[in-house]
There are 2 protein chains.
Amino acid sequence: MKQSIKIQWQGTMLFNADTLGGNFKIDAAEEVGGQGNGVRPKALMLTSLAGCTGMDIVSLLKKMRAEVDNLEIDVTGELTDEHPKFYNNVHVEYRFYGNQFKKDKIEKAVNLSVERYCGVMEMFRQFAKVTTEINYIEKA
Amino acid sequence: MKQSIKIQWQGTMLFNADTLGGNFKIDAAEEVGGQGNGVRPKALMLTSLAGCTGMDIVSLLKKMRAEVDNLEIDVTGELTDEHPKFYNNVHVEYRFYGNQFKKDKIEKAVNLSVERYCGVMEMFRQFAKVTTEINYIEKA
């Protein structure tokens, strides 16, 4: 299967991005010649990773009847110092919100995504050391 | 340098993404349980690549005094058939719009981005065969 996206320059460092399912603006930070009026392109890699594994997990938890109230995923990427700057260390924190967590199923879902299903994770493994962390936040 | 992003589940396959410089929604296509109300997470990898190399090039062309009227970049990624599905072939088309193109400088700028500066390109090279193409569209 092929997927295509397009970007179009808007002057300075600003681009319109026309991506599967939506449009948004991409811009650089002010310190590198942009105006900060759009998302930073490199960080979209981290968002791609979070979205890919997040969709796997909510879908698996539904099948396993182990749904949670909410899920937040934070991804932090550490860039190399030298050009070309790439993410060599990436940490993914999964935060599950709810009560009476079925932790064995939740951990199984996370592992299935990380090790087998998430294609973005597979791509990241080729250039980064990826670590994961699971946290549970009980509803008061 | 570290960069962080966050996503938060909104039910079904929908997530809010809070990314450096902006917010947007991520959703799956209807055929895989989503409602198509946001960008597809995997395609964000392709947008990241386009934005990274695009910013390099407009910035280099400015320094080289070889600016163009416009620049569009199309990126097409071919996914593997088996899980985890990743982009194993990626094609980047640069379309420069204008007149009296300084083609030697433009091609130098593209090559500098592809081979030296673009960190996203460096990450893609670890899992995909990346090909590039330059086209010039003369103003009528």
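This text follows the structure it describes.
These lines cover the structure that appears in this document, whether it is placed above or below.

Points about the packing of aromatic side chains
Argument step 1. As enumerated under the stated definition, the model contains eight aromatic pairs over all chains in all.
Argument step 2. On the basis of an interplanar angle of 5° and a centroid distance of 4.8 Å, the ring pair of A:Phe24 and B:Phe24 is categorised as stacked. Of this pair, A:Phe24 sits in strand β3 (residues 22–26) while B:Phe24 sits in strand β3 (residues 22–26), which puts the two residues in different chains.
Argument step 3. The exposure class assigned to B:Phe24 is buried, which follows from its relative accessible area of 10%.
Argument step 4. Pairing B:Phe124 with B:Phe127 gives two aromatic rings, centres 4.9 Å apart and planes at 50°, and the pair type is tilted. An identical accessibility class is assigned to B:Phe124 and B:Phe127; each is buried.
Argument step 5. Aromatic ring contacts, followed pair by pair, group A:Phe124, A:Phe127, B:Phe124 and B:Phe127 into a single cluster.

Digging into the interface of chain B and chain A
Argument step 1. Each side of the interface is counted separately: chain B has 68 residues, and chain A has 69 residues.
Argument step 2. The junction of chain B with chain A conceals about 6000 Å² of combined surface from both sides, 69% of it contributed by carbon and sulfur atoms.
Argument step 3. A per-residue breakdown of the area chain B buries against chain A is headed by B:Trp9, B:Met55 and B:Met123, which together make up 12% of the total.
Argument step 4. Along the contact surface separating chain B from chain A lie zero salt bridges.
Argument step 5. The interface formed by chain B and chain A includes 22 residue pairs in polar contact (both at pLDDT 80 or more).
Argument step 6. Elements that contribute at least two residues to the side of chain B that touches chain A include exactly β1 (2–9), β2 (15–19), β3, α1 (43–63), β4 (70–79), β5 (87–98), α2 (103–117) and α3 (119–125) of chain B.
Argument step 7. Examining the composition of the side of chain B that touches chain A, we find that 13 residues originate from one element, α1(B), more than from any other.
Argument step 8. Residues that form the side of chain B that touches chain A fall into these classes: 35 nonpolar, 20 polar and 13 charged.
Argument step 9. Of the strand pairs in this sheet, strand β4 (residues 70–79) of chain A and β1(B) are connected by seven bridges, and their pairing is antiparallel. When the sheet's bridge partners are listed, A:Glu78 is paired in β1(B) with B:Lys2.

Observations concerning the pairing of β4(A)
All names here are of chain A.
Argument step 1. The element β4 is largely enclosed, with a buried count of eight among its ten residues.
Argument step 2. Note that β4 and strand β5 (residues 87–98) share ten bridges and pair antiparallel. Bridging across to β5, Val75 finds its partner in Val92.

Notes on the environment of A:Ala28
Argument step 1. Within the secondary structure, A:Ala28 sits in the loop between β3 and α1 (43–63).
Argument step 2. Take A:Ala28: its relative accessible area is 4%, and that puts it in the buried class.
Argument step 3. Leave out the neighbours within four places in its chain, and A:Ala28 touches A:Met13, A:Gly34, A:Gln35, A:Gly36, A:Arg40 and B:Met55.

Details of α2(B)
Argument step 1. With 15 residues, α2(B) should cover 21 Å at 1.5 Å per step; its first-to-last C-alpha distance of 20 Å lies within 8% of that length.
Argument step 2. Where α2(B) is buried, its residues touch α1, β5, α3 and β6 (129–138) of chain B.

What to know about the packing of α1(B) against α2(B)
Residue and element names in this part refer to chain B.
Argument step 1. Where α1 contacts α2, the two axes come as close as 9 Å, and the packing angle between them is 135°. One element, α1, and the other, α2, form an angle in the oblique class. Here α1 runs over α2; the crossing is right-handed. Residues Thr53, Asp56, Ile57, Leu60 and Leu61 of α1 lie in contact with α2, whose contacting residues are Lys105, Ile106, Ala109, Val110, Leu112, Ser113 and Tyr117.
Argument step 2. Tallied by class, the residues present in the contact of α1 with α2 amount to eight nonpolar, two polar and two charged.

A few points about the relation of the copies chain B and chain A
Argument step 1. By a simple turn and slide, chain B fits onto chain A: the slide is 0.0 Å along the axis, the RMSD is 0.0 Å, and the turn is 180°. The two molecules are tied by a two-fold rotation axis, judged by turn and shift.
Argument step 2. A high fraction, 100%, of the interface residues of chain B reappear at the interface in chain A, so the copies pair face to face through one surface.

Rules used in this analysis
Residues numbered from 1 in each chain as written. Chains lettered and ligands numbered in written order. Predicted model: local features only at pLDDT ≥ 70, side-chain atom pairs only at ≥ 80, totals over all residues. Heavy atoms only, no water. Phe/Tyr/Trp six-rings, centres within 6.5 Å; stacked < 30°, edge-to-face > 60°. Helix = DSSP H or I, 4+ residues; strand = E, 2+ residues; numbered from the N terminus. Buried < 20%, exposed > 50% of the residue type's maximum accessible area, 1.4 Å probe, protein only. Contact = heavy atoms within 4.5 Å. Buried area = accessible area lost by both parts, 1.4 Å probe. Salt bridge = Lys/Arg side-chain N within 4 Å of Asp/Glu carboxyl O. Polar contact = N/O pair within 3.5 Å; in protein donor to acceptor, adjacent residues only side chain to side chain. Nonpolar A, V, L, I, M, F, W, Y, C, P; charged D, E, K, R; others polar. Pairing = 2+ DSSP bridges. Expected span 1.5 Å × (residues − 1). Axes fitted to C-alpha atoms, helices over the stretch in contact; angles between N-to-C directions. Parallel < 35°, antiparallel > 145°, perpendicular 65-115°, else oblique. Left-handed = near helix turned anticlockwise from the far one by under 90°. Least-squares fit on C-alpha atoms with pLDDT ≥ 70 in both.

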